[in-house]
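Descriptive structure summary
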Amino acid sequence: MPEPVVVAENLTRLFGDFVAVDHVSFRINAGEVVGYLGPNGSGKTTTIRMLLGLLEPSDGRATVLGYDAFLQTEEVRARAGYMSQKFAIYDDLTVWENLSFYGGVYGVTERARIEATLARVALGGHEKTLTRSLSVGWRQRLALAIALVHQPKLLFLDEPTSGVDPSARRVFWDLIYDLAGEGVTIFVTTHYMDEAEYCERVGIMREGKLLAMDTPANLKAQTLPGPVWDVFAAPLQAGLETLSVTDGVLHTGLAGNHLRIITRPKMTVRRLRAALTAAGVEVAAVERGEPTLEDVFLSLAKGD
Amino acid sequence: MLNSRLRSIIRKEFIQILRDPRTLAISLFIPIMQLFLLGYAATSDVRNIPMAVWDQNRTPASRALLDAFRAADYFRIAYDVGSEAELRTLIEMGRARVGLLIPADYDLRFLDGTAQVAMVLDGSDPTVGSTALSAAQLIGQAHATRILNERMQRAGATFSLQPPLEVRTQVWYNPDLVSAYFMIPGVIGMILYAITSMLTATAIVRERERGTIEQLIVTPIRSWELMVGKILPYVILALLDTLEVLAIGHWWFGVPVRGSLALLLALSGLLLLSGLGIGLYASTIANTQQEAMLISWMTLLPGIFLSGFFFPLEAMPKVLQWVSYAIPLRYYLIIIRAILLKGVGAAAIQNEIIALAVFGVAIMGAAALHFRKRLD
């Protein structure tokens, strides 16, 4: 049994009458990369803030690195790294000044450590650049360097890739994997479904509730009630309306130029085609789709 | 002795101050600007009041009266007019503040002792109006006395007319009653109080706006280190400003420094506690830099008016005088004017020092507590 690094038990946070996080329980083991997937406002950031002792839980408790997240915040903060979605960078300071400032705050003053941290996020050679003039992708890497400067064993990343272009996102995830390879435990929130696929385990949040947390493969196998189909038909809107009332179809949704549907296990291509043709919709193709976390999310979100 | 956390934040704050030309300009040039504006413009010394004269008499006697007005530098005879309407127009247009009417029979009635001249005053500015009024009366009386004396001498009198009572005035500390001596210590107080509080408030709120405060909170930095580290650079800046304004005040405006400079700086530190405390408090309520600016300014402005900076406290209604006791700047202005102009030591102003210290500690303490709560 691996040692848990984060344990949340019935973690709850209210803002007035609004339940931001609703009795959430999970554990994260050492060295894991765990994703926290959910739309904006689903309680991801609030969860991280409670784990870092920034917010007091209204109910429940959390242990981080063996310390109580709210009562022993100093212990937690000295050992954990945090990267917020706002990228806490001073625009009027250079790359070097930003990092050596945060280093000093953590008691890291040796030049070599700062240099090594910059090198590992591939910002070496840009020490004297004012961060104001950096692109979003570079700012993101500097923000990661700031979270890493004191060599934490646990890293909280809150929407680290929001607003960053796809190639920069890929570079960033490579960095995350390098860190995980060195044994750093990573807790990362995102609303990008494709990113969640990279995680060893994914928790799915909606309206403050943790609907499920498992490996992407298990989530797909266990939460999807049946096969997933891609239906290419015209007109699309009529197809959508028809399928949503067709017996055996559980979820329907638009996915770009086609329809994405989840059905009961015994559904066949022939029955889908027949239902559509009967409603006067022209069918180009009906194919079995590879389940994604998006399907899982869709299915969980509508399943209550 | 400073730990690396405190050192880092102080260094960072200094880099940011030096790199932001606007903040630097606000903190170094605005005080000088205020000093020159208030040192020159906000003066209540009344000199060279423009006067329009309608001399209907035009005799040596009337000219002698006008010479008496010219001799005192309160008035400047700017217009010689030919009708009352002309005189009225000049006063309405604001070109002349005072009108003097000498009747046609002035020299004749002068002989039998019933001469009268009329003085018209523009009372819309009470400071100028009242000064002109008393100056005109004094000039008239002195002129009359002198003529009376001359006449008696000519008549063979062996004594001269001497009033039975004379008030001999002696002005201490500022014998020429130069307004700048009064205003410049006030400017120093205002800078310490207002500029530092606004700079502190915006510096802290800027961290909240950019989201860096959240990042700082999750580091091992302690509340007091963050607070002291953010404030200390502004304290140093404020003391530099004080020396700057004091130097210009002394060498340019000639404001005397009669007391101990060290005592003054130490007590300026006490005022800073209040000013920074207000700024810190504003930063805990405000969400944007503009809000922080507005909150601290709204708190400071009434205080500045009630501090005795512009208007003497003794002339205010009783209620406002009571309110002024709650304004730390009030005590500092008494202190700095006493040290600079009167050259007193701590003993003479001990009540003010105690009051200033109590307010400083109370405001700063309250702000610090509130600041901590917002962090955790």
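**Regarding the overall build of chain B**
When helices and strands are counted, chain B shows 14 helices and 4 strands. In terms of overall size, chain B is more extended than a compact globule, its C-alpha atoms giving a radius of gyration of 29 Å where 376 residues would be expected to give roughly 21 Å. Dimensions of chain B, computed from the C-alpha atoms along their principal axes, are close to 95 × 45 × 40 Å. Residue pairs in contact within chain B that sit at least 24 positions apart in sequence constitute 78% of those at least 6 positions apart.

**Examining the overall build of chain A**
The helix and strand inventory of chain A stands at 11 helices and 14 strands. Overall, the C-alpha framework of chain A stretches about 75 × 45 × 40 Å when taken along its three principal axes. A burial count over chain A gives 44% of its 304 residues as buried. By sequence separation, contacts in chain A at least 24 residues apart represent 69% of the contacts at least 6 residues apart.

**Topic: the nonpolar core**
Membership of the largest hydrophobic core comes to 160 residues, with the highest contact counts inside it found for Ala145 of chain A together with Ile335 and Leu356 of chain B. Apart from the residues lying within four places of it in its own chain, the contact partners of Ala145 of chain A are Leu99, Thr117, Leu118, Val121 and Leu123 of chain A. Membership of the second largest hydrophobic core comes to 18 residues, among which are Met51, Ala52, Leu90 and Leu100 of chain B.

**Notes on the domain arrangement of chain B**
Domain annotation for chain B reports domain 1 (4–42 + 178–375) and domain 2 (49–154). Of note, the centres of domain 1 of chain B and domain 2 of chain B, computed from C-alpha atoms alone, are 49 Å apart.

**Some remarks on the pairing of strand 3 (residues 98–102) of chain B**
All names here are of chain B. Within strand 3, 4 of the 5 residues are buried, leaving the element largely enclosed by the surrounding structure. In terms of strand pairing, strand 1 (residues 49–55) meets strand 3 through 5 bridges, oriented parallel. Across the sheet, the residue bridging to Ala52 is Gly99, located in strand 3. As defined by bridge partners, strand 3 adjoins strand 4 (residues 118–121) across 4 bridges and the pair is classed as antiparallel. Of the residues in strand 4, the one forming a bridge with Leu100 is Met119.

**Remarks on the packing of helix 9 (residues 223–251) of chain B against helix 10 (residues 261–285) of chain B**
All names here are of chain B. Interaxial distance between helix 9 and helix 10 falls to 11 Å at its minimum, and their mutual angle equals 130°. Regarding the angle of helix 9 to helix 10, the classification is oblique. Considering how the two elements wind past one another, helix 9 and helix 10 form a crossing that is right-handed. Of helix 10, the residues touching helix 9 (which contributes Ile231, Val235, Ala238, Leu239 and Thr242) are Leu265, Ser268, Leu272 and Leu276.

**What about the interface of chain B and chain A?**
With 19 residues of chain B in contact, the opposing surface of chain A contributes 20 residues. Listing elements by their share of the side of chain B that touches chain A, those giving two or more residues are helix 1 (4–19) and helix 8 (212–217) of chain B. The element best represented in the side of chain B that touches chain A is helix 1 of chain B, accounting for 9 residues. Grouping the amino acids of the side of chain B that touches chain A by side-chain chemistry returns 6 nonpolar, 7 polar and 6 charged.

**Comments concerning unusual backbone geometry**
All names here are of chain A. For the bond running from Ala234 to Pro235, omega is -5°, close enough to zero to count as cis. The backbone phi angle of Leu65 is positive, close to 55°, even though this residue is not glycine. Note on placement: Leu65 falls in the loop between strand 4 (59–64) and strand 5 (67–68).

**Things to note about the packing of helix 2 (residues 21–41) of chain B against helix 9 of chain B**
All names here are of chain B. Axis separation between helix 2 and helix 9 bottoms out at 10 Å; the angle between their running directions is 35°. Between helix 2 and helix 9 lies a crossing whose hand is right-handed. Along the contact surface, helix 2 presents Ser27, Pro31, Ile32 and Leu35, while helix 9 presents Leu237, Asp241, Glu244, Val245, Ile248 and Gly249. Looking at the contact of helix 2 with helix 9 residue by residue, the classes come out as 6 nonpolar, 2 polar and 2 charged.

**Quick word on the sheet that holds strand 1 (residues 4–15) of chain A**
Residues and elements named next belong to chain A. The 4 strands are arranged 2-1-4-5 in an open sheet whose pairing can be described as antiparallel. Only two strands of the sheet have a single neighbouring strand rather than two, namely strand 2 (18–29) and strand 5. Note that strand 4 and strand 5 share 2 bridges and pair antiparallel. By the bridge assignment for strand 5, Val64 is matched with Tyr67.

**Thoughts on the sheet that holds strand 12 (residues 249–255) of chain A**
Residues and elements named next belong to chain A. With respect to topology, 4 strands assemble into an open sheet ordered 12-13-11-14, the strand pairing being antiparallel. Each edge of the open sheet carries a strand with a single partner, namely strand 12 and strand 14 (282–289). Across this sheet, the average inter-strand angle for adjacent strands is 25°, counted without regard to direction. Pairing between strand 12 and strand 13 (residues 258–263): 6 bridges, direction antiparallel. Its bridge partner lying in strand 13, Leu254 is registered against Leu259. Most of the contacts of helix 10 (residues 269–278) go to strand 14, to which it runs at about 150°, and overall it touches strand 11 (228–234) and strand 14. In the packing of helix 11 (residues 293–301) onto the sheet, contacts are made with strand 11, strand 12 and strand 13, and the angle to strand 12 comes to roughly 125°.

**As for the domain arrangement of chain A**
Residue and element names in this part refer to chain A. As assigned here, chain A comprises domain 1 (4–215) and domain 2 (224–301). Here the C-alpha centre of domain 2 lies 37 Å away from the C-alpha centre of domain 1. Across the boundary between the two partners, domain 1 contributes 9 residues, which contact 7 residues of domain 2. Contributions of two or more residues to the side of domain 1 that touches domain 2 are made by helix 7 (193–196), strand 9 (201–206) and strand 10 (209–214). A per-element tally of the side of domain 1 that touches domain 2 places strand 9 first, with 3 residues.

**A short note on the environment of Ile335 of chain B**
All names here are of chain B. Along the chain, the position of Ile335 falls in helix 13 (residues 328–342). Judged by local crowding, Ile335 falls into the buried class, with 27 C-beta atoms found within 10 Å. Separated by 217 residues in sequence, Ile335 and Ala118 place their C-alpha atoms 46 Å apart. If we skip the residues at most four places from it in the chain, Ile335 touches Leu267, Ile349, Glu352, Ile353 and Leu356.

**Observations regarding the confidence of the model for chain B**
Residue and element names in this part refer to chain B. Per-residue pLDDT for chain B has a mean of 86; in total, 97% of the residues score no lower than 70. Per-element averaging of pLDDT across chain B places helix 2 at the bottom with 82 and helix 13 at the top with 92. Across the interface, the model reports ipTM at 0.81; the global pTM reads 0.77.

**Brief notes about the environment of Arg22 of chain B**
Residue and element names in this part refer to chain B. Structurally, Arg22 is set in helix 2. Arg22 gets classed as exposed once you count the C-beta atoms within 10 Å, which come to 7. Each C-alpha atom of the pair Arg22 and Gly277 lies 23 Å from the other, and the pair is 255 residues apart in sequence.

**Let's talk about the pairing of strand 2 of chain A**
Residue and element names in this part refer to chain A. Note: strand 1 against strand 2, 8 bridges, orientation antiparallel. Counterpart to Phe15 in the pairing with strand 2 is Phe18. Here strand 1 folds back onto strand 2 in antiparallel fashion, the turn holding 2 residues, of which Gly16 has a positive phi close to 65°.

Reading the values: the criteria
- Residues numbered from 1 in each chain as written.
- Chains lettered and ligands numbered in written order.
- Predicted model: local features only at pLDDT ≥ 70, side-chain atom pairs only at ≥ 80, totals over all residues.
- Helix = DSSP H or I, 4+ residues; strand = E, 2+ residues; numbered from the N terminus.
- Rg over C-alpha atoms; globule rule 2.2 N^0.38 Å.
- Contact = placed C-beta atoms within 7 Å.
- Buried ≥ 20, exposed ≤ 12 C-beta atoms within 10 Å, placed from the backbone.
- Core = buried A, V, L, I, M, F, W, Y, C linked by C-beta atoms within 7 Å.
- Domains from an automatic or database assignment.
- Pairing = 2+ DSSP bridges.
- Axes fitted to C-alpha atoms, helices over the stretch in contact; angles between N-to-C directions.
- Parallel < 35°, antiparallel > 145°, perpendicular 65-115°, else oblique.
- Left-handed = near helix turned anticlockwise from the far one by under 90°.
- Nonpolar A, V, L, I, M, F, W, Y, C, P; charged D, E, K, R; others polar.
- pLDDT = per-residue confidence, 0-100.

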